[in-house]
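# Overview (structure and organization)
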Amino acid sequence: LSASTSITKSHYQQSTIQKLDRRSYQRSSFLLNMTPTTTIDHEIPKEMKRLIVTSPGAGESVEDITIEIKMVPTPIPAAGEVLVKIAAAPVNPSDAWTWFQSPPSSYPLPIGIEGCGIVVSSESETRPVGSKVGFICDGGIPGSYAEYIAVDALTNAYPMPPDVPIEDCASFMVNPYTAIGILDTAKREGSTTIVHTAAASQLGQMINKLAPKKDMTIINVVRRPEQKALLESLGAKHVIVTNTDVEVWKAELTAKVEELNAMSAFDAVGGELPGHVLDVLPSHGILHMYGALVGPASGINAKDLIYKKKQVKGFYLTDWIREGGMEKIMPRMKAAGEDVRAGIGGPDGWCCSKFKDTTMENMHEDYVKQLGASTTESKMRIRFD
């Protein structure tokens, strides 16, 4: 996959190619005019490794896809961009579904949503060379599973704490900002207690650590007793385990919802679970869905929607960030960024992640194994150093 690729009709690849073409146009002037003040003491190779999904297989699961390491031109930053040498990138569930469910014209598909690294080329005063940054990929930027990436200095590169090892900032965006967004959404709906499923995930652990700081209470729903023990070790007080008869755990959940006056719920599981959760919410309760780990939601009772005025909505991080336009975005992201930077350092930080490291070569195999083990105690992290 390179700037010369022409057989594509997907918006994603078209915008990617346009961006690469613009960088190629600037390549000669960039190299001729580059000074020691704009590039770190680091030899930038002309080519780099990138992970690419070359085939989605049957389009049904991560196991069926084909992921290959390709040598591609190292990106040249356009005006307003910085070049980041990537140290690490996490593997998020929100990454994985795109690997096999993107439109056919999207393949071959660069992958990865976020990552972290060191700025090695920059003309930005706010993100100078040597800066530790976390970055996000959007707007057609090739994925984070690569050795280098060029991103907009202001909108896509975020300063990380200087005293935190940069590789530990790999999961700085998707999970922490989702945790903040979920609690903020519930609070604005008038609920100081939420029901949260898949609560032992890395995101769920972050929510439990952050909740006391935001004066929120969490009713956690998990599948196994060991997950309950994990959350309780983090200070969680309300944990429902669903490995018993459905009527038993559902009665326990109903009692907790009534006791704590929970009006909002957030589900990442799908299948039959969201139907049960909606059923136990009071009239005018709101169920937000932000994932479907086991498949499409089922069991939604129309009477809950019609007569009890309950609602089912989708929660999408990008929508939360952009809600209200620029007037709201700037203060919202400023406040969220301060929360994240304060919580990402040290093992006790609220958004500090536990990682299981892998390499570009082993990522696919290791991730499939992790899915089979249903582990929640760590997030997979690709290391590039």
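Below, the structure is looked at part by part. (Residues numbered from 1 in each chain as written. Predicted model: local features only at pLDDT ≥ 70, side-chain atom pairs only at ≥ 80, totals over all residues. Heavy atoms only, no water.)

## Examining the overall build of the chain
- Secondary structure summary: the chain contains 11 helices and 16 strands in total.
- Burial status across the chain gives 50% buried among its 385 residues.
- Expressed as a percentage of contacts within the chain between residues at least 6 apart in sequence, the contacts between residues at least 24 apart total 69%.
- Roughly 17,900 Å² of accessible area belongs to the chain as shown, and the carbon and sulfur atoms make up 54% of that amount. (Helix = DSSP H or I, 4+ residues; strand = E, 2+ residues; numbered from the N terminus. Buried < 20%, exposed > 50% of the residue type's maximum accessible area, 1.4 Å probe, protein only. Contact = heavy atoms within 4.5 Å. Areas by Shrake-Rupley, 256 points an atom, 1.4 Å probe, with all protein chains shown as cover.)

## Things to note about the pattern of salt bridges
- If you walk through the whole model with that rule in mind, you get 15 salt bridges.
- For Lys70, the salt bridge is made with Glu68, and the minimal N-O distance between the two is 3.1 Å.
- The salt bridge partner of Glu226 is Arg224, with a shortest N-O separation of 2.8 Å.
- Assessed through its relative accessible area of 25%, Arg224 is described here as partly exposed.
- Salt bridges here are not isolated pairs; linked through shared partners, they connect Asp168, Asp357, Arg381, Arg383 and Asp385. (Salt bridge = Lys/Arg side-chain N within 4 Å of Asp/Glu carboxyl O.)

## Brief notes about the sheet that holds strand E14 (residues 311-314)
- Spatially, the six strands line up as an open sheet ordered E11-E10-E9-E12-E13-E14, and their pairing is parallel. At either margin of the open sheet sits one strand with a lone partner, and together these are strand E11 (239-241) and E14. Taking each pair of neighbouring strands and ignoring which way they run, the sheet shows an average axis angle of 20°.
- In this structure, strand E9 (residues 193-197) lies alongside strand E10 (residues 217-222), joined through five bridges in parallel fashion. Bridge pairing in E10 links Thr193 to Thr217.
- Along the sheet, helix H3 (residues 174-188) contacts E9, E10, strand E12 (264-267) and strand E13 (286-289); its crossing angle with E12, the most-contacted strand, is approximately 155°.
- Sitting on the sheet, helix H7 (residues 273-280) is in contact with E9, E12, E13 and E14, with an inclination near 160° to E13. (Pairing = 2+ DSSP bridges. Axes fitted to C-alpha atoms, helices over the stretch in contact; angles between N-to-C directions.)

## Considering the packing of H3 against helix H10 (residues 326-343)
- Interaxial distance between H3 and H10 falls to 10 Å at its minimum, and their mutual angle equals 120°. Relative to H10, the element H3 lies oblique. Where H3 crosses over H10, the two elements pack in a sense that is right-handed. Of the residues in H10, those in contact with Pro176, Tyr177 and Ile180 of H3 are Met333, Ala336, Gly337, Asp339 and Val340.
- Class assignment for the residues of the contact of H3 with H10 results in six nonpolar, one polar and one charged. (Parallel < 35°, antiparallel > 145°, perpendicular 65-115°, else oblique. Left-handed = near helix turned anticlockwise from the far one by under 90°. Nonpolar A, V, L, I, M, F, W, Y, C, P; charged D, E, K, R; others polar.)

## Some points on a nonpolar patch on the surface
- A surface patch of nonpolar side chains, about 460 Å² in accessible area, is lined by Ile300, Leu305, Ile306, Tyr307 and Val312.
- By the element assignment, Leu305 lies in helix H8 (residues 302-306). (Patch = residues over 30% accessible without salt bridge, like charges linked within 9 Å, V, L, I, M, F, W, Y side chains within 5 Å.)

## Side note on the side chain of Asp366
- Mapped onto the elements, Asp366 comes out in helix H11 (residues 363-373).
- Here Asp366 is buried and forms no salt bridge, its nearest opposite-charge partner Lys369 lying at an N-O distance of 4.8 Å.
- Not counting chain neighbours up to four residues away, the residues in contact with Asp366 comprise Thr358 and Met380. (Lys, Arg positive; Asp, Glu negative; His and termini not counted.)

## Structural notes on the packing of aromatic side chains
- For the structure on display, the rule yields five aromatic pairs.
- Their ring planes at 85° and their centres at 6.1 Å tell us that Phe266 and Phe315 sit as a pair that is edge-to-face. A residue pair is termed long-range when its members are at least 10 positions apart, and Phe266 in strand E12 and Phe315 in the loop between E14 and helix H9 (317-322) qualify at 49 residues. Across the pair, exposure class does not vary: Phe266 and Phe315 are buried alike. (Phe/Tyr/Trp six-rings, centres within 6.5 Å; stacked < 30°, edge-to-face > 60°.)

## Looking at the sheet that holds strand E1 (residues 47-55)
- Pairing within the open sheet is antiparallel, and its three strands lie in the order E2-E1-E4. A single partner strand is all that each edge strand has here, and the edge strands are strand E2 (66-73) and strand E4 (109-110).
- Here two bridges tie E1 to E4, and the two strands are oriented antiparallel to one another. The partner of Ile52 across the bridge, within E4, is Pro110.

## Quick notes on the environment of Trp350
- Counting through the fold element by element, Trp350 comes out in the loop between H10 and strand E15 (355-358).
- Separated by 144 residues in sequence, Trp350 and Met206 place their C-alpha atoms 5.6 Å apart.
- With residues up to four places along the chain from it excluded, the contact list for Trp350 reads Pro176, Ala179, Ile180, Met206, Lys209, Leu210, Lys213, Asp339, Val340 and Gly343.
- Reaching out from Trp350, the side chain makes a polar contact with the backbone oxygen of Asp339 at a distance of 3.0 Å. (Polar contact = N/O pair within 3.5 Å; in protein donor to acceptor, adjacent residues only side chain to side chain.)

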